[in-house]
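# Working through the structure, step by step
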Amino acid sequence: MTIRVIIVDDQAMVRAGFAALLNAQTDIDVVGDAPDGKQALEVSGRTHPDVVLMDVRMPEMDGLEAARRLLDPPLGVVHRPKVLMLTTFDVDDYVYEALRAGASGFLLKDAPPADLIAAVRVVAAGDALLAPSVTRRLIEDFARNRPAPRRDPRLQLNGLTPRETEVLELIAKGLSNQQIAERLVVAEQTVKTHIGRILAKLDLRDRAQAVVLAYESGLVTPGQ
């Protein structure tokens, strides 16, 4: 199945370069682009992309607000694309907030072309973290410097079993499914089942939101 993508960036050359790279792939089709968040919403509404590559800082409407609106659409709007944030900084307040809003991850603009292609495929497939340790560092650094309001983890994570809580903690520490399976001495499929239940119980879209929640609830603390 072809992955439908739109590219949102205020620099025309960036949009053109990314489009040329992605359109050269047999399984990816760039169906639109936009120079700001406001137009991104319009283009997304017309084209129904699977993945939106979203720049962070743009005029009219920044990428954070656009991501929020795409991921929490008005009543009656069914389509919700996956959002992959583009940034020039690996630790960025806006990106952290975008992950809280439901973005599937982030990618540096100067990442190698192969990383961009892989990122689109990974996000389209439903996986959130392209590099768990990098995303963990992003959230950890932000949490250390600007702590989010702490919620009582007993209330926030109340519905999880002890094993599910343990899996969530390992996700937040940056472990992959395979590493979690090895740590807990279980099959990797069992880990995937636990993660699915965690996301469902906590009403989370993906692993990125799970990592954010693990820090905000106090289950994992920066530097732990």
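Below is a short write-up of the structure. Given the structure is predicted, the values throughout are model-derived calculations rather than measurements.

What follows concerns the overall build of the chain. A tally of regular secondary structure across the chain gives 11 helices and 5 strands. Counted over contacts in the chain with a minimum sequence separation of 6, partners at least 24 positions apart contribute 69%. Summed over its atoms, the accessible surface of the chain is roughly 10,800 Å², and 51% of this surface lies on carbon and sulfur atoms.

Here 6 bridges tie strand β1 (residues 3–8) to strand β2 (residues 28–34), and the two strands are oriented parallel to one another. Across the sheet, residue valine 5 finds its bridge partner in β2, namely valine 30. You can see the chain leave β1, run along helix α1 (residues 12–23) and come back into β2, and the turn it takes is right-handed.

Moving on, we come to unusual backbone geometry. Residues other than glycine predominantly adopt negative phi, and peptide bonds predominantly adopt the trans conformation. Backbone geometry at histidine 48 places phi at a positive 50°, although glycine is not the residue there. Mapped onto the secondary structure, histidine 48 falls in the loop between α2 (37–47) and β3 (51–55). Positive phi is not limited to glycine here, since glutamate 60 has a value of about 70°. With respect to the secondary-structure elements, glutamate 60 resides in the loop between β3 and α3 (63–71).

With that settled, consider the environment of alanine 34. Summarising the element assignment, alanine 34 is placed in strand β2. In sequence terms alanine 34 and arginine 15 are 19 residues apart; their C-alpha atoms lie 8.2 Å from each other. Filtering out sequence-adjacent residues up to four positions away, alanine 34 remains in contact with Ile7, Val8, Asp9, Arg15, Gln39, Ala40 and Val43.

Turning to the packing of helix α8 (residues 162–172) against helix α11 (residues 207–216), a few remarks are in order. Taken N-terminus to C-terminus, the directions of α8 and α11 make an angle of 100°; their axes are 9 Å apart at the nearest point. When the axes of α8 and α11 are compared, the pair comes out roughly perpendicular. Residue-level contacts link Leu168, Ile171 and Ala172 of α8 to Arg207, Ala210, Val211, Ala214 and Tyr215 of α11. Here the contact of α8 with α11 is built from residues that sort into 7 nonpolar, no polar and 1 charged.

Further remarks concern the sheet that holds strand β5 (residues 105–108). Taken in spatial order, the 5 strands make up an open sheet running β2-β1-β3-β4-β5, and their pairing is parallel. In this open sheet, the two edge strands, each paired with only one partner strand, are β2 and β5. Taken over all neighbouring pairs, the strand axes of this sheet differ in orientation by 25° on average, direction set aside. Contacting β1 and β2, α2 runs over the sheet at an angle of about 160° to β1.

Tallied over the entire structure, the rule returns 9 salt bridges. For glutamate 164, the salt bridge is made with lysine 201, and the minimal N-O distance between the two is 2.9 Å. Residue glutamate 164 is located in helix α8, and its partner lysine 201 is located in helix α10 (residues 188–202); the two are separated by 37 residues in the primary sequence. In this structure glutamate 164 comes out as buried when scored by relative accessible area, which is 3%. The partly exposed category is assigned to lysine 201, whose relative accessible area is 43%. A network of salt bridges, in which partner residues are shared, links Asp9, Asp55 and Lys109.

A word on helix α5 (residues 113–124). An ideal rise of 1.5 Å per residue puts 16 Å on 12 residues; α5 measures up with 17 Å between its terminal C-alpha atoms. Leu116, Ile117, Ala119, Val120 and Val123 are the residues of α5 that are buried. An end-on view of α5 places all buried positions within 155° of arc, on one side of the element. In the segment just after α5, glycine 126 is the residue with positive phi, at about 105°.

The rules behind these values
Residues numbered from 1 in each chain as written. Predicted model: local features only at pLDDT ≥ 70, side-chain atom pairs only at ≥ 80, totals over all residues. Heavy atoms only, no water. Helix = DSSP H or I, 4+ residues; strand = E, 2+ residues; numbered from the N terminus. Contact = heavy atoms within 4.5 Å. Areas by Shrake-Rupley, 256 points an atom, 1.4 Å probe, with all protein chains shown as cover. Pairing = 2+ DSSP bridges. Right-handed = clockwise from strand over helix to strand, strands pointing away. Axes fitted to C-alpha atoms, helices over the stretch in contact; angles between N-to-C directions. Parallel < 35°, antiparallel > 145°, perpendicular 65-115°, else oblique. Nonpolar A, V, L, I, M, F, W, Y, C, P; charged D, E, K, R; others polar. Salt bridge = Lys/Arg side-chain N within 4 Å of Asp/Glu carboxyl O. Buried < 20%, exposed > 50% of the residue type's maximum accessible area, 1.4 Å probe, protein only. Expected span 1.5 Å × (residues − 1). Arc of directions from axis to C-beta.

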